[in-house]
Every structure is written in structure tokens, then in C-alpha cells.
Amino acid sequence: MLKATNLSEPAWQSARTDEQIAAAIKLGRGQMPSFSQLPDMTIAKLVKLVRMMNMARLEAHAAAAVSDSAGPAVGAAPSSSGHAPKPSALAPLPKSSGR
Ligand code: HEM
């Protein structure tokens, strides 16, 4: 209803720098209210969270999990051994923001 941006869209993700995302959260954008009361550290962490939504990153993560025969696929029921995905599969993709 609000026509909010799809933040998981790889095209949107690569069109924004971390600084632009931080500014949108802090100052507001379109119908999104400003969150200027949040400490800068919280804004920085929200930027990281927004980056984690990137569908390109999530698909790379899923492909890594499927090709890793030792671990469960993403979305599989947790095994009784409590197997966690390998840390390497959770590593962020290289930043596109040129930092
Ligand atoms: C801390 C919570 C939130 C975060 C981290 C966040 C993050 C973002 C980001 C990164 C964008 C994209 C800005 C851009 O295109 O550069 C966005 C857009 C948007 N957000 Fe949020 N948002 C939050 C809360 C909200 C809330 C509460 C609403 C509901 C009123 C909202 C509504 C929108 C809308 C409508 C847009 C599209 C704005 C436009 O392009 O005109 N957001 N948000």
C-alpha cells in the first residue's frame, strides 16, 4: 500500500551506497518517517541488516549450503545435531559501495 521499496532487490542494493542507506533511515524518505533519534551505531547496524536482505547474497548463501553435503540446505528442518551453517556460508558478499 505504501509502495515501499523492495530492499531485497539486487538492482536496488547495488544502486545505493551504505551512506545513502544510512541517510534514508536517519532522515526518512518518501512516506518513511525519519529515525533521527537513533544513535549512529544503531543506524550503522540497520544498514548492515538491510545489506543482509540482498537476494543476490541470500541466493549465494543457499547455493553454498546446497553444495555443502555436510550441512542442511537453507530452509531445511533443523537436524537433531543442531548443525549450524558453516561461517563461510554466512560471510557477506563484497561491498558494492566502494568502501
Ligand atoms: C528502522 C526501521 C526501518 C528501516 C531500517 C528502513 C529502511 C529503509 C530503506 C533502506 C529504504 C530505502 C530508501 C532508499 O530507497 O534509498 C526504505 C524505504 C521506505 N520505507 Fe523504510 N525503514 C524502516 C522503517 C519504516 C517504517 C516504519 C515505514 C512505514 C511507515 C517505512 C516505509 C518506507 C517506505 C514507504 C519506503 C519507500 C520510500 C520511497 O522511496 O519513497 N520504513 N526504508
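Every chain begins its residue count from 1, and numbering advances along the sequence as written. Restriction of local features to residues with pLDDT of at least 70 applies here, the model being predicted, together with a cutoff of 80 or more for giving and counting side-chain atom pairs; totals for whole chains, interfaces and linings are based on all residues. The side-chain quantities take in all heavy atoms of the structure and omit both hydrogens and water.

**Quick look at the confidence of the model for the protein chain**
Inference 1: By definition, pLDDT measures how confident the predictor is in each residue, and it falls between 0 and 100. A residue-level look at the protein chain finds 69% of positions with pLDDT of 70 or above and a mean pLDDT of 83.
Inference 2: Runs of H or I in DSSP of at least four residues are treated as helices and runs of E of at least two as strands, each being numbered from the N terminus. Within the protein chain, helix H2 (residues 18-27) carries the highest mean pLDDT (98), whereas helix H5 (residues 87-90) carries the lowest (50).

**A few points about the site of the ligand**
Inference 1: Residues in contact with the ligand amount to 16 residues; listed here are only the nearest, Trp-12, Arg-16, Arg-29, Gly-30 and Met-32.
Inference 2: At a separation of 3.1 Å, an oxygen atom of the ligand approaches a polar side-chain atom of Trp-12.
Inference 3: Whenever two N or O atoms come within 3.5 Å, that pair is a polar contact, provided that in protein one can donate a hydrogen and the other can accept it, and provided that, for residues adjacent in sequence, both atoms are side-chain atoms. Here an oxygen atom of the ligand sits 3.2 Å away from a polar atom, N or O, in the side chain of Arg-29.
Inference 4: Among the elements that make up the shell around the ligand, the one with the highest residue count is H2 (3 residues).
Inference 5: Here the shell around the ligand is built from residues that sort into 11 nonpolar, 3 polar and 2 charged. Whether a residue is near a molecule or strand depends on its heavy atoms: if one lies within 4 Å, it is near. Under this grouping Gly is polar, as are all residues other than the nonpolar Ala, Val, Leu, Ile, Met, Phe, Trp, Tyr, Cys and Pro and the charged Asp, Glu, Lys and Arg.

**Topic: the nonpolar core**
Proteins that are soluble and globular tend to have nonpolar side chains buried together.
Inference 1: Residues Trp-12, Ile-21, Ile-25, Ile-43, Val-47 and Val-50 constitute the largest nonpolar core, which totals 6 residues.
Inference 2: When residues of this core are traced back to their parent elements, those giving at least two are H2 and helix H3 (40-52).
Inference 3: For this core, the element with the highest residue contribution is H3, accounting for 3 residues.
Inference 4: Not counting residues within four places of it along the chain, the set of residues in contact with Val-50 comprises Leu-7, Trp-12, Gln-13 and Ile-21. By convention a nonpolar core is built from buried Ala, Val, Leu, Ile, Met, Phe, Trp, Tyr and Cys residues, the set being connected through side-chain atoms within 4.5 Å. Exposure classes here rest on a 1.4 Å probe applied to the protein chains alone. A residue is buried below 20% of its type maximum, exposed above 50%, and partly exposed in between. By the convention used here, residues are in contact when the closest approach between their heavy atoms is within 4.5 Å.

**Some points on the pattern of salt bridges**
Inference 1: What counts as a salt bridge is simple: a side-chain nitrogen of Lys or Arg found within 4 Å of a carboxyl oxygen of Asp or Glu. A complete count under the given rule lists 2 salt bridges for this structure.
Inference 2: Taking the shortest distance from any N to any O, the salt bridge between Arg-51 and Asp-18 comes out at 2.8 Å. Taken together, the residues span a long stretch of sequence, with Arg-51 in helix H3 and Asp-18 in helix H2 at a distance of 33 residues.
Inference 3: The class for Asp-18 is buried, based on a relative accessible area of 8%.

**Let's talk about helix H4 (residues 55-67)**
Inference 1: Each residue after the first adds 1.5 Å to the expected span of a helix. Here H4 is 13 residues long and its end C-alpha atoms lie 18 Å apart, about the 18 Å a rise of 1.5 Å per residue gives.
Inference 2: When H4 is considered as a whole, its buried residues turn out to be Arg-57, His-61 and Ala-65. Buried positions in H4, seen along its axis, are confined to an arc of 75° and lie on one side of it. Across H4 from its buried face, at more than 90 degrees, point the exposed residues Glu-59, Val-66 and Ser-67.
Inference 3: For H4, the N-terminal capping position is held by Asn-54, with its side-chain oxygen 3.1 Å away from the main-chain nitrogen of Ala-56. Our arc is simply the arc of the directions from the helix axis toward the C-beta atoms.

**Details of the environment of Lys-48**
Inference 1: With respect to the element layout, Lys-48 can be found in helix H3.
Inference 2: What makes Lys-48 exposed here is its relative accessible area of 57%.
Inference 3: In this structure the C-alpha to C-alpha distance between Lys-48 and Ile-21, which are 27 residues apart in sequence, comes to 9.7 Å.

**Thoughts on the packing of H2 against H3**
Inference 1: Axes, fitted as lines to C-alpha atoms, cover a helix only where it is in contact. Angles between the N-to-C directions of the axes lie from 0 to 180 degrees. Two numbers describe how H2 lies on H3: the axes approach to 9 Å, and their chain directions differ by 120°. H3 is crossed by H2, and the crossing has right-handed handedness. Packed against H2, whose contacting residues are Asp-18, Ile-21, Ala-22, Ile-25 and Lys-26, the element H3 presents Asp-40, Ile-43, Leu-46, Val-47, Val-50 and Arg-51 at the interface.
Inference 2: Across the contact of H2 with H3, the residue classes break down as 7 nonpolar, no polar and 4 charged. What makes a crossing left-handed is the near helix being turned counterclockwise from the far one by less than a right angle; a clockwise turn instead makes it right-handed.

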